[in-house]
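Residues per chain, in single letters:
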Amino acid sequence: MPATNDAVMGGGSAAAPVKLWDLPVRIVHWTFVALLPGLWWTAENGDLDTHVKLGMIMLILVVFRILWGLVGSSSARFAKFLRGPITVARYVGGLFGKEGEPIVGHNPLGAISVVALLLLLGTQVILGLFAQDTDGLFSGPLNYLVGYDAAEAAREWHELGFNVILGVVVIHVVAILFYLAVKRDNLVGPMITGRKRYAVPVAAPTMAPLWRLALCLALAFGAGWWVWSGAPGLAAVLPVPA
Amino acid sequence: MTKPLIGAFLAVAVAAVAGATIAVAATPAETITIRQNNFKQIGRAQKSLSDELKKPAPDVAVLRASAQTLATFAPQVNRWFPRGSGKETGAKTGALPAIWQQTPRFNASAAQFVAAATGLQRAAATGDAARVRAAFPAVGASCKGCHDTFKGDK
């Protein structure tokens, strides 16, 4: 832990916690955690009314997180944490070796996890929008835009999609446990408090101003409202007519 | 000369039809395939009603045609499940053993579908979309009522 390194560095300021994750990143992350079991439970028990509503919250969150990854705080931005395959390979190769420079934000491997989960959740939501249940009682808000066969296919992919997400979540959690047990690096704490202590002085991420948060929220809720209203205008550009 | 010929044709034709019918009844796999295709027809009709009723001004002709499909299929449903056409065939089917263990209850569920589909057909016959809209939820409820007990995962 930092203590030994502190002695080496001799810097008192190094131990001061750095604001790493902003509130939007943390809220979105933990809402995902809460939503997934809820979505699974409601689907499994046939409460599709609630399932569709929770799915709409998921949609708004995914849209928001993608926007936030483009214009949000620096530690939330894709461009800041996504690395090329060579950097990822080098990072993986060095995982068991000596500590390198501290990474402020997602490490190159964690970055893949973030993007993979976000893409999967987004795909899953889109499939759900077009899907229908076997009783014809419940359907996603965009189900009416596609034919019966496409809607049935969407449901089957939606069912498969959950298992894929579950698999990636398991990998995600195992990786976090690995960092905790082997690397002695607690990743969960900072995702809750937003703060992390570093052994050496680091440059703190730049937090995005409130107006950007307001803009992203407005766009995300707007997207949610548009989809909930049946995505007016979308029918014209869909490849398959209903 | 011609009479025996016609007779022979008839005999072949009858044998062909009979053969086809027997073949259909013979393999459980085919029974399951036909059953699933029929349920897909029901699903299509159900979806077309659902989609049409979402529009501000539903096309009554579409409602009528789909309601007719449901009313035609509904009375047949419980006959699509001869004993031995469940999971024991090894085919991919969601038909649960409860269908054959609780036959009276299964028939009662099927009868609810008949009642709901008949109600829908009557509503569609009036040409009043509002009546169809009012009669429609009972159909979905009858689907669910039966599926909850008698339909599992494939």
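Refer to the structure presented above.
Residues numbered from 1 in each chain as written. Chains lettered and ligands numbered in written order. Predicted model: local features only at pLDDT ≥ 70, side-chain atom pairs only at ≥ 80, totals over all residues.

1. Notes on the environment of Ile32 of chain B
Residues and elements named next belong to chain B.
Argument step 1. With respect to the helices and strands, the residue Ile32 is situated in helix H2 (residues 28-54).
Argument step 2. In this structure, the C-alpha to C-alpha distance between Ile32 and Asp153, residues 121 residues apart in sequence, is 14 Å.
Argument step 3. With near-sequence residues (within four places) excluded, Ile32 lies in contact with Ser85, Thr89, Ala91 and Thr93. (Helix = DSSP H or I, 4+ residues; strand = E, 2+ residues; numbered from the N terminus. Contact = placed C-beta atoms within 7 Å.)

2. Details of the nonpolar core
Argument step 1. In this structure, Met58, Leu59, Val62, Val63, Phe64 and Phe130 of chain A are the most contacted members of the largest nonpolar core, which totals 34 residues.
Argument step 2. Contributions of two or more residues to this core are made by helix H2 (23-44), helix H3 (48-71), helix H6 (108-130), helix H7 (148-181) and helix H9 (210-228) of chain A.
Argument step 3. Ranked by the residues each element gives to this core, the list is headed by H3 of chain A, at 10 residues.
Argument step 4. Those residues in contact with Phe130 of chain A, other than ones at most four positions away along the chain, are Gly140, Leu142, Asn143, Val146, Ala150, Ala151 and Ala154 of chain A.
Argument step 5. Within the second largest apolar cluster, 26 residues are counted, among which are Ala67, Val77, Ala116 and Cys143 of chain B. (Core = buried A, V, L, I, M, F, W, Y, C linked by C-beta atoms within 7 Å. Buried ≥ 20, exposed ≤ 12 C-beta atoms within 10 Å, placed from the backbone.)

3. Considerations on the packing of H6 of chain A against H7 of chain A
All names here are of chain A.
Argument step 1. At their nearest, the axes of H6 and H7 sit 8 Å apart, and the two run at 160° to each other. With respect to H7, the axis of H6 lies roughly antiparallel. Two packed elements cross with a definite hand, and for H6 against H7 that hand is left-handed. Residues Ser113, Ala116, Leu117, Leu120, Leu121, Thr123, Gln124, Leu127, Gly128 and Phe130 of H6 lie in contact with H7, whose contacting residues are Ala150, Ala151, Ala154, Trp157, His158, Gly161, Phe162, Val164, Ile165, Val168, His172 and Ala175.
Argument step 2. A class-by-class count of the residues in the contact of H6 with H7 yields 15 nonpolar, seven polar and no charged. (Axes fitted to C-alpha atoms, helices over the stretch in contact; angles between N-to-C directions. Parallel < 35°, antiparallel > 145°, perpendicular 65-115°, else oblique. Left-handed = near helix turned anticlockwise from the far one by under 90°. Nonpolar A, V, L, I, M, F, W, Y, C, P; charged D, E, K, R; others polar.)

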